[in-house]
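Reading the structure
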Amino acid sequence: MGCCGSTQKTREWKPLEQRKCTDIPWLLLFILFNVGMLCICGFAIATGAASRLISGYDSYGNTCGQKNAKIPGIELSGRDHTSRKYVFFLDPCNIDILGRKIKSVALCVSKCPDAELKTYEDLTKFATVNGSDLCSYDVQPDAYSSHADRATKCPTLPVHPSASLPVFHRCIPVDISCYAKFAEAFITFVSDNSVVHRVIAGVMTSKEIIMGLCLLALVLSLILMVVIRYISLVLVWILTAVVVFGSIGGTGILWWLYVDQSKSVNATLPAMELEVAKDNQKALLIYAIAATVFTVILLLLMFFMRKRVALTIALFHVAGKVFTYLPLLALQPFWTFLTLMLFWVYWITVLLFLGTAGSPVQNNQTGLVEFRMDGPLQYMVWYHAVGLIWISEFILACQQMTVAGAVVTYYFTRDKSQMPFTPIVSSVLRLMRYHLGTVVKGAFIITLVEIPRLILTYIHSQLKGRENACARCMLKACICCLWCLEKCLAYLNMNAYIATAINSTNFCTSARDAFFILAENALRVAAINSVGDFVLFLGKVLIVSCTAFAGVLSLNYQREYTVWVLPLIIVCIFAFLVAHCFLSIFEIVVDVLFLCFAIDTKYNDGSPGREYYMDKALMEFVENTRKATERYNKSEGESREMKSMTGGTLA
């Protein structure tokens, strides 16, 4: 709490009384940082990196599609490539696994080969007909067959058909087997190349099913949001029953599919089909065992938490009423996702610019030209990486502050008819006018913890298999501690944003006030938030399970598809991300309501002049909680009294 400057108790809260700008120095620092990000982008464009990225360049430093200046010491540089607009790789499937790049000579050509070329005579014919030379610039087309260095200066035969990318002018092979070799650059832990080929082929052939299942996950998330809004009273019990029966039924069906798949494994099948059938059989067995273990754990958790489900119903009912008054809350994930996507596209584009920025340098081993940044300029990539984390956290924090501001306005407005016409828009305007500095500071704190965690994770991955057991244990412990600290700070940050939305105080003051309020209501936080998070987790499980189940049925119906593993993993990850985006909004609303309720009950007692802000539904929830606590205390007191009387009688 050092940043707060004081450890005194929270002062009286004055919700929505006066607005003032908070943490202005942090906002100015953030603006200055973003100016630096823009300068990096401008530097990359000014040095020609953007042109080299989009148009492409060959292995001699020439940019395709334009006239180039001579590079001292490079014989084939300074060529006029106005008519040669596409980059062609002599061996596009030769991947540098460690460097994650194509280890091949690149040339600028006027047309990508659209048909397979099997011989050097085919290369000569293609160059003559299309005017596109596929061998090095110093080799004439009529000498392709007889040139002494044709093995290194001409493409590897056969040349697969290729097509240029829509924006980036690169000739990319259309052969699926070559895609599998591209994937090996990222899947370095797979030693069986045939497995990689079958997995990539499975993704490519089932891409329509993958897209359909991703759309299904989006629809299910929207339906669940509608259910939460309109039937929140029975949602918990319905969701619990559906998850229980769905988990048991889904596990049973997976075992049935495994038995059915086992019957289809016949030794008389062709070798390739038999291999695929065995892979699918193993995959189904793994799915069935994992589903069984997951179902058992889920049922045990639900058994031990069954007594707290009734308390969650009332709280979800109040949150459902919030969505009735603030329907635009359901659209917040769309705007946040869109903003993040736009920023990430910009960030990746600038990163690619930086990858082609710098001065041309000849590689001593290969003799080819590479673009490198020397001196202080090479640290721009690290600056750019910090910007990715800080600005991404800033965007997510803006969503939390926007939702918090809208819900706080709803809670502390006694006459709901006097609320703004669009509380979400009003909350966004307040955020932009008063509290951007607070959001910047909260995002920066998370960034300070996330950067060392990511660095340690990277070091751990690079030293995997080379460090001793003690170092490996220490690294994992540090990564785990930083992860826990990050989650705790994220939770405190969110409550600090809520406090800022209520009192319009700076970040440190809001964090201190929110911390003391939460500490005073520690048992309520544990009882309400844990159950609420568990129910929302069940909702995510339901969406992922339904999507995965539909995927298993679809892929089982179309058995000509190959390995199921990667398509199902892609679909399940997407379904979980979509469900998390939507249900996280509901979770934020519940947390905002709880903090508002805690403040309301602390400074108001229902007497004239100090009336509660909460509505009747939340009052019923409080009353039910109080009665349950009184019954528990009473039963405990009677039990102690009976023990005392029994002890006295025995004495």
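Overview of the structure. Every chain begins its residue count from 1, and numbering advances along the sequence as written. Side-chain atom pairs in this predicted model are given and counted only at pLDDT of 80 or more, local residue features only at pLDDT of at least 70, and totals for whole chains, interfaces and linings cover all residues. With hydrogens and water set aside, each side-chain value is computed from the structure's full complement of heavy atoms.

The criterion is simple. A nonpolar core is a set of buried Ala, Val, Leu, Ile, Met, Phe, Trp, Tyr and Cys residues joined through side-chain atoms within 4.5 Å. Under the scheme applied here, a residue whose accessible area is under 20% of the maximum for its type counts as buried, over 50% as exposed, and between as partly exposed, the area being computed with a 1.4 Å probe on protein chains only. With 71 residues, the main nonpolar core has L329, F394, V407 and V589 as its most contacted residues. For the purposes of this entry, the term helix denotes a DSSP run of H or I that reaches at least four residues, the term strand denotes a run of E that reaches at least two, and both are numbered from the N terminus. Tallying contributions element by element places helix α17 (residues 565-603) first for this core, with 18 residues. Residue contacts are counted whenever heavy atoms from the two residues lie within 4.5 Å of one another. When neighbours within four sequence positions are excluded, L329 is seen to be in contact with V322, F323, V403, V407, I424, I585 and V589. Within the second largest apolar cluster, 30 residues are counted, among which are Y60, F88, C108 and V139.

Two cysteine sulfurs form a disulfide in these notes if their separation is within 2.5 Å. Per the counting criterion, the structure on display carries 3 disulfides. Here C64 is linked by a disulfide to C108, with a sulfur-sulfur distance of 1.9 Å. Taking the sign of the torsion about the S-S bond as the criterion, the disulfide between C64 and C108, at about -80 degrees, is left-handed. With a gap of 44 residues between them, C64 in the loop between α2 (49-55) and β1 (86-89) and C108 in strand β4 (residues 106-109) connect regions that are remote in the sequence.

In this analysis a 1.4 Å probe is tested at points of a 1 Å grid over the protein atoms alone, and where it fits but cannot get out there is a cavity; an open set with protein on both sides within 12 Å along at least five of seven lines is a pocket; lining residues have an atom within 4 Å of a point. Grid points are joined across faces, edges and corners, and a volume is the space filled by probe spheres set on the points. Here the structure, examined in full by the defined rule, presents 4 cavities of 30 Å³ or more. When its volume is computed, the largest cavity comes out at roughly 70 Å³. Forming the boundary of the largest cavity are R19, M401, G405, S427, R430, L431, H435 and A501. With 4 residues, the single largest contributor to the lining of the largest cavity is helix α13 (residues 423-462). We call Asp, Glu, Lys and Arg charged. Ala, Val, Leu, Ile, Met, Phe, Trp, Tyr, Cys and Pro are nonpolar, and the rest, Gly among them, are polar. Here the residues of the lining of the largest cavity sort into 3 nonpolar, 3 polar and 2 charged.

Turning our attention to the packing of helix α14 (residues 469-503) against helix α15 (residues 507-520). Axes here refer to lines fitted to C-alpha atoms; in helices the fit is confined to the stretch in contact. Angles between the N-to-C directions go from 0 to 180 degrees. The contact between α14 and α15 brings their axes to 8 Å, and the two run at 105 degrees. Classified by the interaxial angle, the pair formed by α14 and α15 is roughly perpendicular. Between α14, through Y491, L492, N493, N495, A496, Y497, A499 and T500, and α15, the contact on the second element is made entirely by F507, S510, A511, A514, F515 and L518. Its residues assigned to classes, the contact of α14 with α15 comprises 10 nonpolar, 4 polar and no charged. For classification, angles of less than 35 degrees are called roughly parallel, those exceeding 145 degrees roughly antiparallel, those between 65 and 115 degrees roughly perpendicular, and all remaining angles oblique.

Think of it this way: a Phe, Tyr or Trp ring, Trp meaning its six-membered ring, pairs with another when their centres are within 6.5 Å, and the plane angle makes it stacked under 30 degrees, edge-to-face over 60, tilted otherwise. Counted according to the given criterion, the structure contains 15 aromatic pairs. On the numbers, 5.5 Å between centres and 80 degrees between planes, the contact of F334 with F582 is edge-to-face. Of the two residues, F334 sits in helix α11 (residues 332-355) while F582 sits in helix α17, which places them 248 residues apart along the sequence. Taking relative accessible area as the criterion, F334 reaches 34% and is therefore assigned partly exposed. Under the relative-accessibility criterion, F582 is labelled buried at 4%. Ring pairs connect the aromatic residues W26, F30, F33, Y383, W390, F394 and F444, which therefore count as one cluster. For a lysine, the NZ atom is tested; for an arginine, the CZ atom; a charge sits over a ring if that atom is within 6 Å of the ring centre and within 35 degrees of the ring normal. The cationic tip of R414 hangs over the ring face of Y613; the distance from NZ or CZ to the ring centre is 3.8 Å.

By this rule, a helix spans an expected 1.5 Å times one less than how many residues it contains. Over its 32 residues, helix α12 (residues 380-411) extends 46 Å from the first C-alpha to the last, a length consistent with the 46 Å expected when each residue adds 1.5 Å. Here α12 lies mainly inside the structure; 24 of its 32 residues are buried.

Before going further, it helps to examine a nonpolar patch on the surface. The residues that make up patches have over 30% relative accessible area and no salt bridge, and they are joined within 9 Å when like-charged or within 5 Å when they are Val, Leu, Ile, Met, Phe, Trp or Tyr. Each accessible area value is a Shrake-Rupley result obtained with a 1.4 Å probe; residue values ignore everything except the protein chains displayed when judging cover. One side-chain nitrogen of Lys or Arg within 4 Å of one carboxyl oxygen of Asp or Glu is enough to make a salt bridge. A grouping of L222, L328, L331, F334, W335, L338, L342, V425, L429 and M432 is seen on the molecular surface, where their side chains present a nonpolar patch of about 930 Å² in accessible area. Of all the secondary-structure elements, those providing two or more residues to the nonpolar patch are α11 and α13. Turning to its location among the elements, W335 is positioned in helix α11.

Attention now moves to α15. Between its first and last C-alpha, α15 extends 20 Å over 14 residues, near the 20 Å set by a 1.5 Å rise per residue. Within α15, 11 of the 14 residues are buried, which leaves the element mostly enclosed by the surrounding structure. Three or more residues of α15 are buried, namely F507, C508, T509, S510, A511, R512, D513, A514, F516, I517 and L518. Measuring from the side-chain oxygen of the N-cap residue of α15 to the backbone nitrogen of C508 gives 3.3 Å; that N-cap residue is N506. Whenever two N or O atoms come within 3.5 Å, that pair is a polar contact, provided that in protein one can donate a hydrogen and the other can accept it, and provided that, for residues adjacent in sequence, both atoms are side-chain atoms.

Omega for the bond connecting L157 with P158 falls within 30 degrees of zero, at -5 degrees, which places this linkage in the cis form. Residue position: P158 is located in the loop between α4 (150-153) and β5 (162-164). Even without a glycine there, the phi angle at D23 is positive, about 55 degrees. Structurally, D23 is set in the segment before α1 (24-46). Judged by its relative accessible area of 12%, D23 falls in the buried class. For S504, which is not glycine, the phi dihedral falls at a positive 60 degrees.

This part is about the pattern of salt bridges. Counted by the stated rule, this structure contains 7 salt bridges. Note that K111 and D114 form a salt bridge whose closest N and O atoms lie 3.7 Å from each other. Among the salt bridges present, the one from R453 reaches E450, with a minimum N-O distance of 3.9 Å. A residue pair is termed a helical-turn pair when its members lie 3 or 4 positions apart in one helix, as R453 and E450 do in helix α13 at 3 residues. For the pair shown, R453 and E450 are each scored as buried. Each of the salt bridges in this network shares a partner with another, and the network as a whole consists of E450, R453 and E486.

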